[in-house]
Amino acid sequence: GIIDAGLYVMGCLEERGRSLLMMRSIQQTSDADAGRRAIAEVLPQSLAPLFSQAELESVRQTIKSLPASSQGPRLTWDDILGGVAICLIVFLSTVPVIVPFLFIDDVRPALRVSNAVAIGMLFMCGYAFAQCTGLRPWSTGIAMVAVGCLMVGVAIMLGG
């Protein structure tokens with residue numbers, strides 16, 4: 001939870017730092033081709049071919065006209081709130097997996113119910129992930145279930 005939140009916040013800082021470094025390098029170079037290449041390299045691979053050299057040059061000129069920033073990357077409140085949200089999501093996602101241990105006295109059956117709950121959650125996460133990414137929801141959900149079953153199988157073989 002806390003580590004995930006920290007990694008998220010560091011990722012936000014890294015992204016802004018990379019953007020600042022790229023902008024500074026474009027502002028400081030007199031080689032227009034190198035500037036256009038730098039811009040094209042930071043574009044997503046699916047979008048880069050859509051930009052003409054003239055459009056990349058326009059972006060390069062706009063970046064060159066911006067005032068140079070001497071400040072380093074900064075975090076925003078949205079970054080901090082995002083980190084807190086990630087911490088809460090990680091914590092809250094463990095609650096359903098813990099619940100069987102609260103209501104079932106025998107540890108072994110409680111563990112199996114907990115495993116089933118976790119595998120069900122994997123299906124839901126896979127299904128939702130597929131909807132967000134354009135994949136096939138049922139196939140992705142079932143693939144996640146297969147991974148979960150494999151992990152539970154390995155844990156059982158190791159004595160869990």
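Data block above holds the structure.
Now for a quick tour of the structure.

**Overview of the overall build of the protein chain**
Then, in step 1: Within the protein chain, the regular secondary structure consists of six helices and zero strands.
Then, in step 2: Listed N to C, the secondary structure of the protein chain is α-α-α-α-α-α in terms of helices and strands.
Then, in step 3: Relative to the globule expectation of 15 Å for 160 residues, the C-alpha radius of gyration of the protein chain, 24 Å, shows a markedly less compact shape.
Then, in step 4: The principal-axis extent of the C-alpha atoms belonging to the protein chain is close to 70 × 35 × 25 Å.

**Comments concerning a nonpolar patch on the surface**
Then, in step 1: A cluster of nonpolar side chains, L13, L75, W77, I80, V84, L88, F91, L92 and V95, forms an exposed patch at the surface whose accessible area comes to about 860 Å².
Then, in step 2: Looking at the nonpolar patch element by element, the count peaks at seven residues for helix α4 (residues 77–103).
Then, in step 3: Following the sequence through the fold, V95 ends up in helix α4.

**Remarks on the side chain of R60**
Then, in step 1: Within the secondary structure layout, R60 lies in helix α3 (residues 53–65).
Then, in step 2: Looking at R60, the relative accessible area reads 7%, which means it is buried.
Then, in step 3: Not counting chain neighbours up to four residues away, the residues in contact with R60 comprise I26, A32, G35, R36 and I39.

**Considering the environment of I2**
Then, in step 1: In this fold, I2 is placed in helix α1 (residues 2–28).
Then, in step 2: Note on I2: relative accessible area 69%, which makes it exposed.
Then, in step 3: Through-space distance from the C-alpha of I2 to that of V90 is 8.7 Å; in sequence the pair is 88 residues apart.

**Side note on the packing of helix α5 (residues 107–133) against helix α6 (residues 137–157)**
Then, in step 1: Where α5 meets α6, the closest approach of the two axes is 7 Å, and the angle between their N-to-C directions is 150°. The angle between the axes of α5 and α6 places the two elements in the roughly antiparallel class. Handedness of the α5/α6 crossing: right-handed. Two secondary-structure elements touch here, α5 through R112, N115, I119, L122, F123, G126, Y127, F129, A130 and Q131 and α6 through P137, W138, T140, G141, I142, M144, V145, G148, C149, V152 and I156.

Thresholds, definitions, all that
Residues numbered from 1 in each chain as written. Predicted model: local features only at pLDDT ≥ 70, side-chain atom pairs only at ≥ 80, totals over all residues. Heavy atoms only, no water. Helix = DSSP H or I, 4+ residues; strand = E, 2+ residues; numbered from the N terminus. Rg over C-alpha atoms; globule rule 2.2 N^0.38 Å. Patch = residues over 30% accessible without salt bridge, like charges linked within 9 Å, V, L, I, M, F, W, Y side chains within 5 Å. Areas by Shrake-Rupley, 256 points an atom, 1.4 Å probe, with all protein chains shown as cover. Salt bridge = Lys/Arg side-chain N within 4 Å of Asp/Glu carboxyl O. Buried < 20%, exposed > 50% of the residue type's maximum accessible area, 1.4 Å probe, protein only. Contact = heavy atoms within 4.5 Å. Axes fitted to C-alpha atoms, helices over the stretch in contact; angles between N-to-C directions. Parallel < 35°, antiparallel > 145°, perpendicular 65-115°, else oblique. Left-handed = near helix turned anticlockwise from the far one by under 90°.

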